[in-house]
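Chain residues, written in single-letter form:
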Amino acid sequence: MRVGDVGIVSIGGAPREGIVAKDTADDVVEGIVLMRKGGDALDVLRGVRAKAAELDSLILPRDVRLAAFYDRGTLVRHTVETVEENLAIGATLVLAILVIFLGDWRSALIVGAVIPLSLLFAFILMDWRGVSANLISLGAVDFGIIVDSAVVMVEAFLVRLALEPPTDGRHKRESSRKPRS
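Residues numbered from 1 in each chain as written. Predicted model: local features only at pLDDT ≥ 70, side-chain atom pairs only at ≥ 80, totals over all residues. Heavy atoms only, no water.

*Asks:* Quick question: what am I supposed to make of the nonpolar core here?
*Replies:* For soluble globular proteins, the rule of thumb is that nonpolar side chains tend to be buried together. In this structure, V94, L98, L102, A108, V111, I115, L119, I146, V147, A150 and V154 together form the largest nonpolar core, which totals 11 residues. Going through the elements one at a time, α3 (72-102), α4 (105-112), α5 (114-129) and α7 (143-163) are the ones with two or more residues in this core. Considering each element in turn, this core owes the most residues, 4 residues, to α7. (Core = buried A, V, L, I, M, F, W, Y, C linked by side-chain atoms within 4.5 Å. Buried < 20%, exposed > 50% of the residue type's maximum accessible area, 1.4 Å probe, protein only. Helix = DSSP H or I, 4+ residues; strand = E, 2+ residues; numbered from the N terminus.)

*Asks:* Looking at this structure, how should I read the side chain of D56?
*Replies:* Note on placement: D56 falls in helix α2 (residues 41-58). One buried charged side chain, D56, makes no salt bridge at all; its nearest oppositely charged neighbour is R65, positioned 4.0 Å away. Residues in contact with D56, not counting those within four places in the same chain, are V64, R65 and L66. (Lys, Arg positive; Asp, Glu negative; His and termini not counted. Salt bridge = Lys/Arg side-chain N within 4 Å of Asp/Glu carboxyl O. Contact = heavy atoms within 4.5 Å.)

*Asks:* Looking at this model, I keep getting lost on the environment of G130. Mind explaining?
*Replies:* The topology assignment puts G130 in the loop between α5 and α6 (135-139). Along the backbone, G130 and G38 are 92 residues apart, and their C-alpha atoms lie at a distance of 9.0 Å.

*Asks:* Got a minute to help me understand α4 in this structure?
*Replies:* For α4, the full list of buried residues reads S107, A108, V111 and G112. Seen along its axis, α4 keeps its buried residues to an arc of 135°; they face one direction. Every exposed residue of α4 that faces more than 90 degrees away from the buried side is listed here: R106 and I110. (Arc of directions from axis to C-beta.)

*Asks:* Got a minute to help me understand the pattern of salt bridges in this structure?
*Replies:* Close approach of charged atoms lets side chains of opposite charge pair. Evaluation of the coordinates by the stated rule reveals 4 salt bridges. Between K22 and D23 there is a salt bridge, with its nearest N and O atoms 2.7 Å apart. The shortest N-O distance in the salt bridge between R46 and D43 comes to 2.3 Å. Here R46 pairs with D43, and both are found in helix α2, just 3 residues apart, close to one helical turn.

*Asks:* Honestly, unusual backbone geometry in this entry has me stumped. Any pointers?
*Replies:* Most peptide bonds adopt trans geometry, and most residues besides glycine take a negative phi value. With a phi angle near 55°, D23 is a residue other than glycine that sits in the positive phi range. For D23, the position within the fold is in the loop between α1 (3-6) and α2. A relative accessible area of 71% places D23 in the exposed class.

Spelled out as structure tokens, the structure:
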């Protein structure tokens, strides 16, 4: 006995194993774009958008359009904005705390200058080594670690200046201005 003896044999579609719904539409067609490891998300998105526009204009029927309902570009932009905001707030807080603890705004600015210089150097090395600037790699850049050694050095300079004031000509002129008794 064969299958053809008990039924009709034909080539058909694969059986449905799930459903995709969006908003009020209970049945939509979904396509997923996968990015290769190490790829640039924004470059991939530009390519996908270009190909979708080409498909819309050349191949698809007039009443059918490709429409993205989740675009990773929004996530990438939001993440970059969040990192920039956190860097600015973090640097401001570090400077304020340095002014409070060091007691000298010039010393705080010197230590604070270490932050952008360290970040610049870190980004140059990350680019040179091909490390992507994602949340994990950016999270590893810690203000506390960056500023710690600079604080120690500036504090040592301030202590040394307090214990051994400079003996240059400027210091002599200031000490000669003492009020006469």
